[in-house]
There are 2 protein chains.
Amino acid sequence: MTESGRRPRADARRNRERLLAEADAVFRAQGTNASLEGIARRAGVAIGTLYAHFPNRRALLGTLLRQRNEALFDRGADLLDQPSPAAALTAWVHAVIAHAAAYQGLAAMLAEGVDDEASELHQSCVQMTDIGDRLIARARQAGALRRDATGVDIFALMNAAAWIAEQMSAEQAGRLVDLAMDGLLAPTA
Amino acid sequence: MTESGRRPRADARRNRERLLAEADAVFRAQGTNASLEGIARRAGVAIGTLYAHFPNRRALLGTLLRQRNEALFDRGADLLDQPSPAAALTAWVHAVIAHAAAYQGLAAMLAEGVDDEASELHQSCVQMTDIGDRLIARARQAGALRRDATGVDIFALMNAAAWIAEQMSAEQAGRLVDLAMDGLLAPTA
DNA sequence: ACCTGAACACCGTTCAAGT
DNA sequence: ACCTGAACACCGTTCAAGT
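Residues numbered from 1 in each chain as written. Chains lettered and ligands numbered in written order. Predicted model: local features only at pLDDT ≥ 70, side-chain atom pairs only at ≥ 80, totals over all residues. Heavy atoms only, no water.

Q: When you look at the packing of aromatic side chains in this model, what are you seeing that I'm missing?
A: When we look at a pair of aromatic rings, we describe it by the centre distance and by the angle of the planes. In the structure shown here, the tally under the stated rule is three aromatic pairs over all chains. Between the aromatic rings of Trp163(A) and Trp163(B), the centroid separation amounts to 5.0 Å while the plane-to-plane angle is 10 degrees, which identifies the pairing as stacked. Taken together, the residues Trp163(A) in helix 8 (residues 151–167) and Trp163(B) in helix 8 (residues 151–167) connect one chain to another. When sorted by exposure, Trp163(A) lands in the same class as Trp163(B), which is buried. Ring geometry for Phe27(B) versus Tyr103(B): centroids 5.7 Å apart, planes at 65 degrees, classification edge-to-face. In this pair, Phe27(B) sits in helix 1 (residues 10–30) while Tyr103(B) sits in the loop between helix 5 (85–100) and helix 6 (106–115), placing the two residues 76 residues apart along the sequence. Considered together, Phe27(B) and Tyr103(B) belong to a single accessibility category, that of buried residues. Over the ring of Tyr103(A) we find Arg68(A); its NZ or CZ atom is 5.7 Å from the centre of that ring. (Phe/Tyr/Trp six-rings, centres within 6.5 Å; stacked < 30°, edge-to-face > 60°. Helix = DSSP H or I, 4+ residues; strand = E, 2+ residues; numbered from the N terminus. Buried < 20%, exposed > 50% of the residue type's maximum accessible area, 1.4 Å probe, protein only. Lys NZ or Arg CZ within 6 Å of the ring centre and 35° of its normal.)

What follows is the structure, encoded as structure tokens:
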């Protein structure tokens, strides 16, 4: 395995980086279900090397998303301090939709990841739900909510909209979000 | 080809029916992306026979959905005569979600079918959108709408909810619909 | 410690040959 | 008129053998 020793061998490190770079390019162009064989080929390594570094597709994807996730969660923390709780919640929903737009098929993997504790994406899905919970709590306290809702409801809306953006268009996804947020937020917001 | 002559040969007719029966069972159990090879095997025919009867997966699926679609559109016609336009629109949304729950993966094929005129499912998708348009027009006339919306918006909501039902749960899909319908329908409804 | 690539078990789709 | 099944071009994943 690649993880056992302390410093990876120089060629292993290079291979890992090339694999990540090509995976990003291929996932961007062809979606998260693109051929792993093709990624290995483009990275100039045998398919076995890809598997040695990343035991499965989700592990590869999870590594690619790590930096992006950090930026997203930083944004979530910022929004928790914003003056208007209702506007913050709406901005959060749009931020996650933009995040999920990185790769076609990502919305499905995220939706799968919330409930699957074994998924490499599980942790980040839980974190998204937590931020949703906190933003909702703030909005409720400010009297900006028209009805009950949880972080999971927000998670579902974000993923549904991200999926609609993939299947139909970003505009159509925006209209779905508008409808749902109209149902959630009190007009006083 | 199978369509050229007037009456199909008896064995061809039998094969076609067995293929449809097995396809329904397999799609129900494994979703719309299940192996066609497996369906042919279960139907006791060679894979070439499946392709002779149905040129692609969507054609097979479209034939399976024909009866189900008729029932759905009859329901839509009924709802257009119902006293409360707002309740009718909500009932329609739930009817389509239940329809899409037949096979895992169907929501994605429907969402694809609206824009793809070459799809065997295109016609039924357009019909769904039309019914949504008419139900919305009735609701607007009755003053039951809070904001602008089109049949396509309703189509997007139905499909998004059907997809959430597949990925998360029917309950979660229901909560999404509740949010969006709250945003769409005026409280006077 | 890491990499290679053959091996295995699957796919979808086409089409020449049969009946 | 219809059916068969080999053929082709792809997959994901594993693992013995190499360096």
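Q: Would you explain empty space enclosed by the protein in this entry?
A: Unfilled space is identified by rolling a water-sized probe across the atoms. Taken as a whole, this structure holds one cavity of 30 Å³ or more when the rule is applied. Computed from the structure, the largest cavity encloses a volume of approximately 40 Å³. Forming the walls of the largest cavity are Asp153(A), Ala156(A), Leu157(A), Gln172(B), Arg175(B), Leu176(B) and Leu179(B). Elements represented by at least two residues in the lining of the largest cavity include exactly helix 8 of chain A together with helix 9 (170–184) of chain B. Top element by residues in the lining of the largest cavity is helix 9 of chain B. It accounts for four residues. Of the residues contributing to the lining of the largest cavity, the split by class is four nonpolar, one polar and two charged. (1 Å grid on protein atoms, 1.4 Å probe; cavity = no way out; pocket = protein on both sides within 12 Å on 5 of 7 lines; lining within 4 Å. Points joined across faces, edges and corners; volume = space filled by probe spheres on them. Nonpolar A, V, L, I, M, F, W, Y, C, P; charged D, E, K, R; others polar.)

Q: Could you clarify how one ought to interpret the interface of chain B and chain A in this entry?
A: A common way to express how large an interface is: the accessible area buried when the components associate. Contacts between chain B and chain A engage 29 residues on the former and 30 residues on the latter. In this assembly, chain B packs against chain A so that about 2,500 Å² is buried in total across both faces, 66% of it on carbon and sulfur atoms. Its largest share of buried area at the contact with chain A, chain B owes to Trp163(B), Met168(B) and Leu179(B), together 26% of the area lost on that side. For Asp153(B), the salt bridge identified is with Arg175(A), shortest N-O distance 2.7 Å. (Contact = heavy atoms within 4.5 Å. Buried area = accessible area lost by both parts, 1.4 Å probe. Salt bridge = Lys/Arg side-chain N within 4 Å of Asp/Glu carboxyl O.)

Q: Would you mind going over the domain arrangement of chain A with me for this structure?
A: All names here are of chain A. Here chain A is described as being made up of domain 1 (1–54) and domain 2 (57–184). Averaged C-alpha coordinates put domain 1 and domain 2 at centres separated by 28 Å. Contacts between domain 1 and domain 2 engage 14 residues on the former and 13 residues on the latter. On the domain 1 side of the interface with domain 2, the three residues burying the most area are Phe27, Thr32 and Phe54, jointly 47% of the side's total. Among the elements of the structure, helix 1 (10–30) and helix 2 (36–43) are those that each provide at least two residues to the side of domain 1 that touches domain 2. At six residues, the largest contribution of residues to the side of domain 1 that touches domain 2 is made by helix 1. Residue composition of the side of domain 1 that touches domain 2, by class: seven nonpolar, four polar and three charged. (Domains from an automatic or database assignment.)

Q: Would you take a moment to explain the side chain of His122(B) for this structure?
A: With respect to the element layout, His122(B) can be found in helix 7 (residues 122–141). Since its relative accessible area comes to 15%, His122(B) is described here as buried.

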